[in-house]
Number of protein chains: 2
Amino acid sequence: MMERKEHLFTVFEGLFKIKSDCSCDIFSGCGLSDITVKQIGYLKTIDEHGEVTFSKLAKITRNSKPTITEMVRKFVQMECVYRERSSDDGRIFYIRLTEKGQIIARSEQNSLLKLIEKMAESLDEKDMDDLIQILRKVR
Amino acid sequence: MMERKEHLFTVFEGLFKIKSDCSCDIFSGCGLSDITVKQIGYLKTIDEHGEVTFSKLAKITRNSKPTITEMVRKFVQMECVYRERSSDDGRIFYIRLTEKGQIIARSEQNSLLKLIEKMAESLDEKDMDDLIQILRKVR
DNA sequence: GATAGTTAGTTAGGTGCTAACTAATTATAT
DNA sequence: ATATAATTAGTTAGCACCTAACTAACTATC
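An account of the accompanying structure is given in this report. (Residues numbered from 1 in each chain as written. Chains lettered and ligands numbered in written order. Predicted model: local features only at pLDDT ≥ 70, side-chain atom pairs only at ≥ 80, totals over all residues. Heavy atoms only, no water.)

### Thoughts on the protein's contact with DNA strand D
Neighbouring residues of DNA strand D: 22 residues in total, closest Ser 55 of chain A together with Thr 36, Lys 38, Tyr 42 and Gly 90 of chain B. In DNA strand D, atoms within 4 Å of the protein come 70% from sugar and phosphate. Contact between DNA strand D and Lys 65 of chain A: a base nitrogen at 3.0 Å from a side-chain N or O atom of the residue. Interatomic distance of 2.7 Å between a side-chain N/O atom of Tyr 42 of chain B and a phosphate oxygen of DNA strand D. (Near = heavy atom within 4 Å. Polar contact = N/O pair within 3.5 Å; in protein donor to acceptor, adjacent residues only side chain to side chain.)

In structure tokens:
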């Protein structure tokens, strides 16, 4: 039993490594190797709330409006977001993710997808079905 | 095939979540919920090099000695390391990990181990063997 | 004299704040 | 309908704190 655990450990260690490498590739592919965890978190928040204004983001993240202004300025500079003026209210700007911003915001899913792709390349359909059946039992 | 990938995605998403939660538990269990990625990295470096002095750590990490002094001061404060004076040379201090420091340094392995334990609880021996056989094919 | 580690002072960048402001909208009075 | 007061959206300026790192100078030890 101990040996099985060791083998499992080794095998999963490898999987986690692959995913981590995919993640790094995503960031450096976007020219953002040193983006911070906080910044990624904020991009995810913007992604999760489709229609987000400065005031709304300030409320969601519990930050002040000037903080959001500065953050968005940086993201614009990094080409992760852009401002879109509302047609209904001349004061309002929506914060929109660029293509790059979306990639970063979804880096977690994207790197996991890459891992799944890699697995699909190496495994046949039976293997995958078995894998799904087995792993479904883990809570 | 697409459906299999989706199922795999879902199942692995769950596994990654479990591991991530284990990781967070480890840090907050040590009273270090807000330890930085850099700090964890340095503790790992200290862990990997058994016998490490200030000069050596400065060399390994490509930092200046005062930087190491300050970093170690913080880690001492966080109760992650302690200084051990060399008996051979009064100038030399070894940087040693405390129990807590070791836990943090090995948080990656520890959280993965917790995940493996959790899996061992849910799976019988055949399942585990199958799992190992299947996942071994992934490169 | 050379080396191990420390202290003093500094810089850069991330993260966040308050106070004050402009521009735009809404509410109210006439 | 128009004018004015009040409110709201977002910005600018200045500041604070933190992490991470540096150089210069120093003390202790070999």
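Now that the structure has been shown, the text picks up again.
### Overview of the protein's contact with DNA strand C
Taken together, 23 residues form the shell around DNA strand C, and within it Thr 36, Lys 38, Thr 67 and Gly 90 of chain A together with Ser 55 of chain B come nearest. Contact between DNA strand C and Arg 91 of chain A: a base nitrogen at 3.5 Å from a side-chain N or O atom of the residue. In this structure, a phosphate oxygen belonging to DNA strand C sits 2.8 Å away from a main-chain N or O atom of Phe 93 of chain B. Looking at the surface near DNA strand C, the elements with two or more residues in it are helix H2 (37-48) and helix H4 (65-77) of chain A together with helix H3 (54-61) and helix H4 (65-77) of chain B. Looking at the surface near DNA strand C residue by residue, the classes come out as six nonpolar, nine polar and eight charged. (Helix = DSSP H or I, 4+ residues; strand = E, 2+ residues; numbered from the N terminus. Nonpolar A, V, L, I, M, F, W, Y, C, P; charged D, E, K, R; others polar.)

### Brief notes about the packing of aromatic side chains
Considering all chains together, one arrives at two aromatic pairs over all chains under this definition. Between the aromatic rings of Phe 16 of chain A and Phe 16 of chain B, the centroid separation amounts to 4.4 Å while the plane-to-plane angle is 45 degrees, which identifies the pairing as tilted. Taken together, the residues span two chains, with Phe 16 of chain A in helix H1 (residues 2-29) and Phe 16 of chain B in helix H1 (residues 2-29). Phe 16 of chain B matches Phe 16 of chain A in its accessibility class, with the two residues each being buried. (Phe/Tyr/Trp six-rings, centres within 6.5 Å; stacked < 30°, edge-to-face > 60°. Buried < 20%, exposed > 50% of the residue type's maximum accessible area, 1.4 Å probe, protein only.)

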